[in-house]
Structure formats: structure tokens, C-alpha cells
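A look at the structure
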Amino acid sequence: MANEKLTFLTQFVRQPMSVGAVAPSSAALADKITAPVPRTGDPVVVELGPGTGAFTGEIQRRLGGRGHQLAIEINTDFAGALSRRYPAVEVISDDARKLRELLAARGHSQADVIVSGLPWAAFSSDLQHNLLDAVADGLADDGAFTTFAYLFAIWTPPAQRLRTALRARFEEVTMGRTVWANLPPALVYHCRRPIRTDAYGPGRSPLRVGTADTLD
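What you are looking at is a predicted structure, and each value in this text was computed from that prediction instead of being measured. (Residues numbered from 1 in each chain as written. Predicted model: local features only at pLDDT ≥ 70, side-chain atom pairs only at ≥ 80, totals over all residues. Heavy atoms only, no water.)

1. Quick word on the packing of aromatic side chains
Spelled out, the test is: In this scheme Phe, Tyr and Trp rings, the latter by its six-membered ring, pair at centre separations within 6.5 Å, and the angle between planes marks the pair as stacked below 30 degrees, edge-to-face above 60, and tilted otherwise. Numbering of helices and strands starts at the N terminus; helices are DSSP runs of H or I of at least 4 residues and strands are runs of E of at least 2. Burial classes follow relative accessibility: with a 1.4 Å probe on protein chains only, a residue under 20% of its type's maximum area counts as buried, one over 50% as exposed, and anything between as partly exposed.
Applying the stated rule across the entire model yields 5 aromatic pairs. Judged by centre distance (6.0 Å) and plane angle (90 degrees), the rings of Phe 55 and Phe 148 are edge-to-face. Residue Phe 55 is located in the loop between β1 (44-48) and α4 (56-63), and its partner Phe 148 is located in strand β5 (residues 139-150); the two are separated by 93 residues in the primary sequence. Given the relative accessible area of 3%, Phe 55 is considered buried. Ring plane angle 80 degrees and centroid distance 6.1 Å describe the contact between Trp 120 and Phe 123, whose orientation is recorded as edge-to-face. Both residues of the pair, Trp 120 and Phe 123, count as buried. Among the aromatic residues, ring-to-ring pairing joins Phe 55, Phe 148, Tyr 150 and Phe 152 into one connected group.

Take a look at the structure:
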């Protein structure tokens, strides 16, 4: 764990805009954000921005050897370390904006679950939108997308922009309770029923957004 934290901090110092945090996420946050991973069947589960693997191990545990687990990590140092740590996971060192293409290359049309550890607040508006377009296009109609935000920054412009972007791409966006056992405290967005890119248009609005205690 100490080595993992040191690796994370080193990469943050080198590439703060792509890493976005100084420490890996906690087990408590990993439990909440991976909740949609089904415990039956053979789902395709994609993790975006896995970093040092804070969520990767929990996804692997929930899958129990079933399905296909992909981890897309643009940072080559993180990707290499992740491949060694989780040899059963297919780690792809590439850009998450190419999600649909990366899935197709492996014989998958879409993912059943997408879990994101990407640092949204560190991204420009255009990059946020492009990444979320890729997520919505790459997720099955009955699939689930989860991501998180830090509580202290929830009312900042980048965080507000993320919420607006999520609501524009998913018919259902719910926010879980605060995960206090994380540094810093965080909350998870649970998104379902993606609105496809070709369905976007003037005046398109989300159907539902709220807080669901049942997610915790």
C-alpha cells in the first residue's frame, strides 16, 4: 500500500492534469463505485482511468473470473504496473475517447458496466464532453456507468459542468451518500439509460436526477 501511494504521488507530480489526485481511492469508495458490477452472467466491465488499481481489484473480486474486464489507462507507467499486478485484467494503454473502437477491436459492441476513476475536474470542457460522449456511446442500453467527485469541490464550476453533462447523456442520474472513509471524502454518481450522441438536440433535457439512499 505504501508503494502504491508513493507511485500515485509521483505520477501526480509528473502529470497533475491527467492524474488529478495525490492518493489512490479507498476501499470504501471502491465498494460503492463498483456496486453495479453483476454477480452473475458474463458481463463486459470497463474501467476508465484505473490508476494504480484502487477499483480494479474490487471489480475482479465481484466478477469472480466471469466475463471480460478491461482497464483503459493513458498513463503508461500506471498501465504497466497494473498489468503486472492484475494479469487477469486486459489493460489497454490508450485514450478513453476511443472506447467504442477499443471494444470493437476485442469483439464487443458495448460494455455492460463502465466504472470511471478519471479526474473530471482537471479536464477542459471539450475533453469532458468528448469522454462522456464516448461513455454514452460505448454503454449498453441497460448498462450502468459510475464515476465519483470529491465533496469539497462539489459546487465548483468544473463539478457543476460534470453534473450538467451527465444529465445530458443519461436519463437517470442518481447521487449516492457521501463516502467519508475516503481522502478526501467523495460521492458516487450512478448513471443509467444512455442517450445516444445522435439523439442530442436543442432543448434535450434529463428525465431524472436525485439522491438515492438505496445506493448505499
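2. A closer look at the nonpolar core
The tendency in soluble globular proteins is for nonpolar side chains to be buried as a group. Operational definition: We define the nonpolar core as a collection of buried residues of types Ala, Val, Leu, Ile, Met, Phe, Trp, Tyr and Cys that are connected through side-chain atoms lying within 4.5 Å of one another. In what follows, a contact means two residues having at least one pair of non-hydrogen atoms within 4.5 Å.
With 31 residues, the main nonpolar core has Val 46, Ile 114, Phe 145, Leu 166 and Tyr 189 as its most contacted residues. In terms of residue count, the dominant contributor to this core is helix α7 (residues 125-138) (4 residues). Once residues lying within four places of it in the same chain are set aside, the contact partners of Leu 166 are Leu 132, Phe 145, Val 173, Tyr 189 and Cys 191. Among the nonpolar cores identified, the runner-up in size contains 15 residues, and Ala 30, Ile 33, Phe 55 and Val 115 belong to it.

These results come straight from atomic positions and should not be treated as a statement about function.
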